[in-house]
Amino acid sequence: MSTDDVAVGAVVRYPRTGTTGKVVRIEEIDGRRYAEIDSTGLYYRVDELIGADKTTGKVEREERSLEEYLKEHRELQEQLEEVWNKGTDQSCEGGG
């Protein structure tokens, strides 16, 4: 599938994971084009997507506001920082 063929509404598949869905948005980030897929809500590089005949099932995603998304993102970031800080004791050990 040519990168020009990827458009909003196109049914695509990401071969590495088998994820299939409809393109709901296309964004350019750092000079590369990415497509958001409805089945996961994730972005995939357009040049790595292939055409698909149909989606594997009906996808139901609940809409959420930007505030809810940012709150979830902040909570996840705080959890990751907490785990990172617990996992490191600030020592500088060499290997072997």
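Residues numbered from 1 in each chain as written. Predicted model: local features only at pLDDT ≥ 70, side-chain atom pairs only at ≥ 80, totals over all residues. Heavy atoms only, no water.

- The name an unreviewed UniProt entry gives the protein is DUF2098 domain-containing protein, with Methanoculleus submarinus as the organism.

Structural notes on the environment of Asp38
Item 1. Structurally, Asp38 is set in the loop between β3 (32–37) and β4 (43–45).
Item 2. Residue Asp38 is classed as buried on the basis of its relative accessible area of 18%.
Item 3. C-alpha separation for the pair Asp38 and Arg25, spaced 13 residues apart in sequence, amounts to 8.9 Å.
Item 4. Among the polar contacts made by the side chain of Asp38, one reaches the main-chain amide nitrogen of Lys22 at a distance of 2.9 Å. (Helix = DSSP H or I, 4+ residues; strand = E, 2+ residues; numbered from the N terminus. Buried < 20%, exposed > 50% of the residue type's maximum accessible area, 1.4 Å probe, protein only. Polar contact = N/O pair within 3.5 Å; in protein donor to acceptor, adjacent residues only side chain to side chain.)

Thoughts on the packing of aromatic side chains
Item 1. Enumeration over the complete set of coordinates arrives at one aromatic pair.
Item 2. Between the aromatic rings of Tyr14 and Tyr44, the centroid separation amounts to 4.9 Å while the plane-to-plane angle is 45°, which identifies the pairing as tilted. Here Tyr14, found in strand β1 (residues 11–14), pairs with Tyr44, found in strand β4; they are 30 residues apart in sequence, far enough to count as distant.
Item 3. Among the residues examined, Tyr44 registers a relative accessible area of 9% and is labelled buried. (Phe/Tyr/Trp six-rings, centres within 6.5 Å; stacked < 30°, edge-to-face > 60°.)

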